[in-house]
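# Fold and contact review
Given next are the chains, with one letter for each unit.
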Amino acid sequence: MIHAENTPDDAYVLGRTAQETRRLQSQANFVNPWTMRLLQEAKIRPGMKILDLGSGAGDVALLLAELLGPQGSITGIDVNPVVLEAARVRLREAGFANVTFLSGNIETLPLADDFDVIVGRLILSHLRDPRGVILRLEQYLRPGGLMIFQEPDLTRATAFPSQPACVLWDQACRWTNAAFHAGGVTPTIGLDLYRYLLDAGLSEPHLSSNVLLGAGPDWIGYRQHAETIRSLLPLITQFGIATEEEIGLETLAERMREEALRQRSVLRGLEMISIWAQKASQGFS
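Residues numbered from 1 in each chain as written. Predicted model: local features only at pLDDT ≥ 70, side-chain atom pairs only at ≥ 80, totals over all residues. Heavy atoms only, no water.

## Topic: the packing of helix 5 (residues 167–182) against helix 7 (residues 221–238)
- Running from N to C, helix 5 and helix 7 cross one another at 40°; their axes reach a closest spacing of 9 Å. Classified by the angle between their axes, helix 5 and helix 7 sit oblique to one another. The hand of the helix 5/helix 7 crossing is left-handed. Seen from helix 5, the contacting residues are Trp 169, Ala 172, Cys 173, Trp 175, Thr 176, Ala 179 and Phe 180; seen from helix 7, they are Gly 221, Tyr 222, His 225, Thr 228, Ile 229, Leu 232, Leu 235 and Ile 236.
- Partitioning the contact of helix 5 with helix 7 into residue classes produces 11 nonpolar, four polar and no charged. (Axes fitted to C-alpha atoms, helices over the stretch in contact; angles between N-to-C directions. Helix = DSSP H or I, 4+ residues; strand = E, 2+ residues; numbered from the N terminus. Parallel < 35°, antiparallel > 145°, perpendicular 65-115°, else oblique. Left-handed = near helix turned anticlockwise from the far one by under 90°. Contact = heavy atoms within 4.5 Å. Nonpolar A, V, L, I, M, F, W, Y, C, P; charged D, E, K, R; others polar.)

Below, the structure is given as structure tokens:
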């Protein structure tokens, strides 16, 4: 069973539990197609040496390994050594032997200085100084190398999340957004990355966005949103955002589903900003 409490230097507000690891793997089913398109757009190819930030249970590493095949290498980093054991098992079972995982804080961990690519998904928003981390990581990127990130834009998280209005879904969005805010998550990080990559001296960044939309009786987004609130529940109650009784977690997903079906609502969930930029080659001015 995967379970780890947050360490003192761990700013990840969703906790380090087996339930959260399962939630992340379920969330990957939504966002993996977005990530794969981004990696292909940035031209990830066999032979590259890649640094994967905040590897967790290895979902992004699996996508990268699929693109690299047996050539090249991937180094994954996560502050949680327990979840990395799950990542090692998953990559090994998938037949990839060119992936190494390191436990440590990306703000301080010593690294090699010749990566072709640095990739991060839903990690910078949880760091205390994302700009500083990008500036630090730039030194580990070889000339001509790529930085590739996907981070949320939470600035619109409570603006018209459903149409027609689904009261419970909208309330759940407000609970989630308030908990992230209370936990210190950077709400604008997806949009801030453009400026941060330019500050690091990289090329004009390429930008795109994806929004999770869902509707109908079989959409798994109801359950996914409820499980996100489960992970955030300690923060939600600690900061007085809502009580456990108000949330009614065990029936929340089904109640959101029932209301959405009555209203025939389309529901808005995660909005992800995708961005990539290149470090100048030697001799380039």
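## A closer look at the pairing of strand 1 (residues 49–53)
- With four of five residues buried, strand 1 lies mostly within the body of the structure.
- In the sheet, strand 1 pairs with strand 2 (residues 73–78) via five bridges, with the strands oriented parallel. Bridged to Asp 52 within strand 2 is Gly 76.
- This β-α-β element, strand 1 to helix 2 (residues 59–68) to strand 2, shows right-handed connectivity. (Buried < 20%, exposed > 50% of the residue type's maximum accessible area, 1.4 Å probe, protein only. Pairing = 2+ DSSP bridges. Right-handed = clockwise from strand over helix to strand, strands pointing away.)

## Regarding helix 2
- Burial analysis of helix 2 places eight of its 10 residues in the buried class, which makes it a mostly covered element.
- Listed in full, the buried residues belonging to helix 2 are Asp 59, Val 60, Ala 61, Leu 63, Leu 64, Ala 65, Leu 67 and Leu 68.
- On its buried face, helix 2 sits against helix 1 (18–41), strand 1, strand 2, helix 3 (81–93), strand 3 (99–103) and strand 4 (115–121).
- Directly after helix 2, the chain includes Gly 69, whose backbone phi takes a positive value near 65°.

## So, the packing of aromatic side chains
- Under the definition given, this model contains two aromatic pairs.
- Between Trp 169 and Trp 219 the ring centres are 5.6 Å apart and the planes differ by 45°, which places this aromatic pair in the tilted class. Taken together, the positions of Trp 169 in helix 5 and Trp 219 in the loop between strand 7 (206–214) and helix 7 put the pair 50 residues apart, joining distant regions of the chain.
- Residue Trp 169 is classed as buried on the basis of its relative accessible area, which comes to 2%.
- Classification of Trp 219 as buried rests on a relative accessible area of 14%.
- Residues Trp 219 and Tyr 222 carry aromatic rings whose centres are separated by 5.3 Å and whose planes lie at 80° to one another, so their mutual orientation is edge-to-face. Across the pair, Tyr 222 and Trp 219 agree in class, each one buried.
- Through successive ring pairs, a cluster of aromatic residues spans Trp 169, Trp 219 and Tyr 222.
- We note Lys 49 situated over the ring of Phe 115; from NZ or CZ to the ring centre the distance is 5.2 Å. (Phe/Tyr/Trp six-rings, centres within 6.5 Å; stacked < 30°, edge-to-face > 60°. Lys NZ or Arg CZ within 6 Å of the ring centre and 35° of its normal.)

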